[in-house]
Every structure is written in C-alpha cells, then in structure tokens.
Amino acid sequence: MMKRRPVVVVLAAGRGLRFRGNGHKLEQSLGTGTLLSRTVAHALETKLRVVVVSSEKLAPMVAGLIGAGDVIKVPELASSGRPNPLGMGFSIAAGVAATGDAEGWLIVPGDMPLLRPETLLAVAEAIEQYPVAFAQYRGMRGHPVGFSAELYSELVALEGDEGARRLLARYPAQAVEVEDAGVLVDVDTVEDLARLRGEQARERLSSGS
C-alpha cells in the first residue's frame, strides 16, 4: 500500500516583532544560508511537497528554492493601509487551502533551521494512523505538528494567533519521540540568534571544519 504523502507548510508570513535586529528575523544569515532558506532546504530533503506561506517582502527569499506556485503570499497591509495582524492561524489556513488535495499537512515555522528531514518524515508517518501528531524531544513538545486530511475543514477555518492549539486539544494527538533537539529551536530574538550562531561555531570547531 502506498504511503500517504502530506504537504509541508512552512510559515513565513509573521512580522517577527520580538526580533529587534536589522531586518526581519527570517532574513538573518546562519551558516551558508538564512534562517528561512535553511528551514525550507531541510523540508525539501524529505522529497515531500513544500509550500511556503510568506509575506510579499519575504517571498523572493525562497524563489530559488521552490516553484512560484508553491509560494502562497498573504497581505501585509489591510485595506486601511495599516499592518494586517493575520496571525499564525490565518497562515496555516492559507497553506492548507492552497493544497486541499493533500493527504495531510506538516506545519513548520520558518525560523526552525535545525529541524531534521527525518523528523518531518517520522511525523508524516504518524498521521497515517492519527489525526494529529507532533515531534517531541525528551518529553518536550515541538514542531512539526502534523494533521491528517480529515481535518481540512477545521484547518482552513483557523485565524488569529492561536494557531492550531484548539485542534491539538480536541483530537487525540500522538507524540513522536525523536532524537532531534531542533524540534525545540526557534529564533524570536537577537539573543536567540546569537546563541544559535555560537553553538554552530562551536560545532564547526569541534569537528575541525
């Protein structure tokens, strides 16, 4: 029997207001790429379809990584011209609605550059049996969070900043224990970025590269 093939939805439309550095946090360099490009690259290594929900400003960052049809742009400004506080829920809904024929979805914030491809695939396998699954490292819940196709109508109705928490509360959610600390590593602040860069530098030194 063929395995179900979910879509990876990378969320890159947030305004990143907690990041006080120059530019958007997803534009910040890390190693050979940016936070966003490294997150997307790891998702692509799974060979699953990857779509990126992005603001107009950040969309060019992934233009060379995925096809134009897989970049879902959401408005940064409301009709009044003011910033549009769409929230994570709106971004999830946009990504799911654009891939309605998928056999499930894996939700990945764009600021998780250490998340391993094998972790994504482990959660993808779990939603073959469970409506909701999430990666967990040493008992701590992280990303990605996976949803089976049966939850399509509820996912496309999401809005605001709550994301999909209410679905996690409503449906049996399977924890997928992985040896991947990257499921917990995101970047919200300048300090987060500095810490991550420092850890990467130490790893390069210890490996002699």
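You'll find the structure just up there.
Quick summary incoming for the structure in this document.

Quick notes on the rules
- Residue positions are counted from 1 within each chain, in the order its sequence is given.
- Two thresholds apply to this predicted model, a pLDDT of at least 70 for residue-level local features and 80 or more for giving and counting side-chain atom pairs, whereas whole-chain, interface and lining totals are computed over all residues.
- Only hydrogens and water are set aside when side-chain values are computed; all heavy atoms of the structure are taken into account.
- Side-chain atoms within 4.5 Å are what join buried Ala, Val, Leu, Ile, Met, Phe, Trp, Tyr and Cys residues into a set we call a nonpolar core.
- Under the scheme applied here, a residue whose accessible area is under 20% of the maximum for its type counts as buried, over 50% as exposed, and between as partly exposed, the area being computed with a 1.4 Å probe on protein chains only.
- Contact between two residues is taken to exist if any of their heavy atoms lie within 4.5 Å; hydrogens are not considered.
- Any Lys or Arg side-chain nitrogen located within 4 Å of an Asp or Glu carboxyl oxygen qualifies as a salt bridge.
- Numbering of helices and strands runs from the N terminus; a helix is a DSSP stretch of H or I covering at least four residues, while a strand is a stretch of E covering at least two.
- Strands were regarded as paired on the criterion that DSSP finds at least two bridges between them.
- Lines fitted to C-alpha atoms define the axes here, with helix axes fitted over just the stretch in contact, and angles between the N-to-C directions of these axes take values from 0 to 180 degrees.

Some remarks on the nonpolar core
Phase 1 of the analysis: Counting 35 residues, the largest nonpolar core has Val8, Val10, Leu35, Leu36, Val40, Val52 and Leu106 as the members making the most contacts within it.
Phase 2 of the analysis: Setting aside residues up to four positions removed in sequence, Leu36 forms contacts with Val10, Ala12, Leu26, Met61, Val62 and Gly110.
Phase 3 of the analysis: Listed in part, the 23 residues of the second largest apolar core include Ala102, Ile107, Leu151 and Leu158.

What about the pattern of salt bridges?
Phase 1 of the analysis: If you walk through the whole model with that rule in mind, you get eight salt bridges.
Phase 2 of the analysis: Between Asp70 and Arg49 there is a salt bridge, and its shortest N-O distance comes to 2.7 Å. Remark: Arg49 occurs in strand 4 (residues 49–55) and Asp70 occurs in the loop between strand 4 and strand 5 (71–74); sequence separation between them is 21 residues.
Phase 3 of the analysis: For Asp70, a relative accessible area of 18% gives the class buried.
Phase 4 of the analysis: You can call Arg49 partly exposed: its relative accessible area is 34%.
Phase 5 of the analysis: Across the salt bridge formed by Arg116 and Asp180, the nearest N and O atoms sit 3.8 Å from each other. Residue Arg116 is located in the loop between strand 6 (105–109) and helix 3 (117–126), and its partner Asp180 is located in the loop between strand 9 (173–177) and helix 6 (190–207); the two are separated by 64 residues in the primary sequence.
Phase 6 of the analysis: Its relative accessible area of 39% is what places Arg116 among the partly exposed residues.
Phase 7 of the analysis: The class for Asp180 is buried, based on a relative accessible area of 2%.
Phase 8 of the analysis: One salt-bridge network, held together by shared partners, links Arg18, Lys25, Asp111 and Asp188.

Thoughts on the sheet that holds strand 7 (residues 132–137)
Note on sheets: strands pair through backbone hydrogen bonds, and any given pair is parallel or antiparallel.
Phase 1 of the analysis: Spatial ordering of the open sheet is given by 5-4-1-6-8-7-9, a layout of seven strands whose pairing is mixed. Where the open sheet ends on each side, the last strands, each with one partner, are strand 5 and strand 9. When strand polarity is set aside, the average angle formed by the axes of neighbouring strands in this sheet is 30 degrees.
Phase 2 of the analysis: As paired elements, strand 1 (residues 7–12) and strand 6 share five bridges and run parallel to each other.

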